[in-house]
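# Structural characterization, general
Below are the chains, spelled out letter by letter.
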Amino acid sequence: MASNSPAPEGIDVQEQPTAGAWGEWNPTEDSARPPRGKHRVLKQRGGLARSSTVLGVGVIAAVGAGGIATAQDRPQVAISLPSLPPLASLPEALGGADQDGADQGGADAGTGAARSAEPARSGIIPQQADRRSDAGELLRSRILQQAESQQEAAAAQERAEAERVAQEAAAQQARDARAAKEAAEKAAAEAAEKAAAEKARQAQAAKEAAEAKAKAEAAARAAGSFFLPTSAYTLTSHYGDSGSMWSSGHHTGLDFAAPTGTPVKAVGSGKITSAGWSGAYGYRIVLELPDGTEIWYCHLSSMSVTGGSVAGGDTIGRVGATGNVTGPHLHLEVRQGGVTVDPLSWLKARGLNV
């Protein structure tokens with residue numbers, strides 16, 4: 001292996017023996033003459049290629065590390081890396097260029113060869129570094145673009161999902177509102193129907209009660225129910241009272257003193273057998289009951305009926321003061337078989353409170 005140590009000044013390297021041929025070298029004035037011609041510097045082949053390869057790999061690693069560090073600052077997303085040329089081809093390209101530079105340097109001699117090789121080494125490395133920096137920036141830009149695209153796609157998917165959920169919620173609210181409205185309408189219709197049914201039932205019950213009452217009253221009248229002959233009265237003369245006012249010497253009836261015009265009622269169901277003027281009795285109505293008992297109504301101011309059948313409680317005339325009287329009153333007589341009986345006892349016997 002050749003030595004790279006400089007030769008002693010004034011000694012021609014071509015004329016000197018090999019390292020094993022001399023011992024210690026002590027130059028003299030004669031032996032240390034100025035060198036002639038150009039010095040030839042031997043160049044190690046392949047050194048620049050190996051250095052460029054190492055430097056290129058270092059640049060690629062630095063650029064890749066910078067891109068990865070920048071990408072790690074972004075949110076983690078799933079990405080796909082673009083295909084790049086294999087790194088194995090880089091040393092070959094770099095070595096070929098270096099080899100050419102070495103061959104070119106070998107053709108020159110001395111200091112000129114060294115000067116021509118130096119620009120070759122200084123020019124390749126910046127170009128390779130620029131290409132690797134551009135590749136790293138391109139890779140980082142693609143990664144960032146793909147990450148942003150995936151983030152935008154995820155955000156769009158989230159918005160679409162939110163819109164879908166909102167639409168479903170609105171549709172559910174509409175369905176609930178429609179169901180509530182239908183339920184309210186149904187409840188109102190049922191309530192109205194129930195109210196109408198209750199009203200109809202109450203009307204029917206009232207009608208049935210009225211019919212039942214009418215039937216009861218009719219039945220009572222048909223069965224011989226009895227009523228007081230008048231109202232708002234005062235008893236003034238009783239049956240059997242004696243006095244010169246009566247032609248027989250005693251009173252044959254019961255007097256109900258009341259204002260003129262007070263209604264006079266039939267004490268029971270029967271028929272009118274007589275109605276008109278009767279001397280000292282004034283205007284008189286005779287009511288015959290089903291058992292043949294006669295009820296005389298005397299001193300009337302007017303007569304409402306003059307014949308036919310009447311029911312108990314019907315108005316047949318008005319209180320007056322006609323005939324032999326001292327004031328307006330109703331003279332009531334009860335005759336059975338043509339003989340007078342006490343009207344007060346007879347009325348009480350029919351359940352009347354006189």
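Residues numbered from 1 in each chain as written. Predicted model: local features only at pLDDT ≥ 70, side-chain atom pairs only at ≥ 80, totals over all residues. Heavy atoms only, no water.

### Quick look at the packing of aromatic side chains
Within this structure, the stated rule accounts for four aromatic pairs. When the centroid spacing of 5.0 Å and the interplanar angle of 80° are considered together, the rings of W277 and Y283 count as edge-to-face. The exposure class of W277 is exposed, given its relative accessible area of 53%. Its relative accessible area of 33% is what places Y283 among the partly exposed residues. Both rings, one in Y281 and one in W296, keep their centres 5.6 Å apart while their planes meet at 90°; by these two values the pair is edge-to-face. (Phe/Tyr/Trp six-rings, centres within 6.5 Å; stacked < 30°, edge-to-face > 60°. Buried < 20%, exposed > 50% of the residue type's maximum accessible area, 1.4 Å probe, protein only.)

### A look at the side chain of T252
In this fold, T252 is placed in the loop between β1 (234-235) and β2 (254-257). At 2.7 Å, the side chain of T252 and the side chain of E333 are in polar contact. For T252, the contacting residues outside a window of four places in its chain are Y239, Y281, H331, E333 and T340. (Helix = DSSP H or I, 4+ residues; strand = E, 2+ residues; numbered from the N terminus. Polar contact = N/O pair within 3.5 Å; in protein donor to acceptor, adjacent residues only side chain to side chain. Contact = heavy atoms within 4.5 Å.)

### Considerations on the side chain of H331
As for its placement among the helices and strands, H331 is situated in strand β9 (residues 329-336). Reaching out from H331, the side chain makes a polar contact with the side chain of H251 at a distance of 3.2 Å. Beyond its immediate chain neighbours, meaning those up to four positions away, H331 contacts H251, T252, G253, L254, D255, Y281, W296, Y297, C298 and H299.

### Overview of the nonpolar core
In this structure, V264, L287, I295, Y297, I316, W346 and L347 are the most contacted members of the largest nonpolar core, which totals 23 residues. Elements with a minimum of two residues in this core: β2, β5 (283-288), β6 (294-303), β8 (315-319), β9 and α4 (343-349). When residues no more than four places from it in sequence are discounted, the contact partners of I295 are V267, I285, V286, L287, L289, L332, E333, V334 and W346. (Core = buried A, V, L, I, M, F, W, Y, C linked by side-chain atoms within 4.5 Å.)

### Considering the pattern of salt bridges
Evaluation of the coordinates by the stated rule reveals five salt bridges. Its salt-bridge partner being R164, residue E168 comes within 2.5 Å of it at the nearest N-O pair. Separated by four residues within a single helix, E168 and R164 lie in helix α3 (residues 110-222), roughly one turn from each other. Overlapping salt bridges bring together E161, R164 and E168 as one network. (Salt bridge = Lys/Arg side-chain N within 4 Å of Asp/Glu carboxyl O.)

### Structural notes on unusual backbone geometry
The residue A232 is not glycine, and still its phi comes out positive at about 55°. The topology assignment puts A232 in the loop between α3 and β1. Residue classification places A232 among the exposed positions, given a relative accessible area of 67%. Look at H299: it is not a glycine, yet its phi comes out positive at around 65°. Relative to the elements of secondary structure, H299 occurs in strand β6.

These figures come from the coordinates and say nothing about function on their own.
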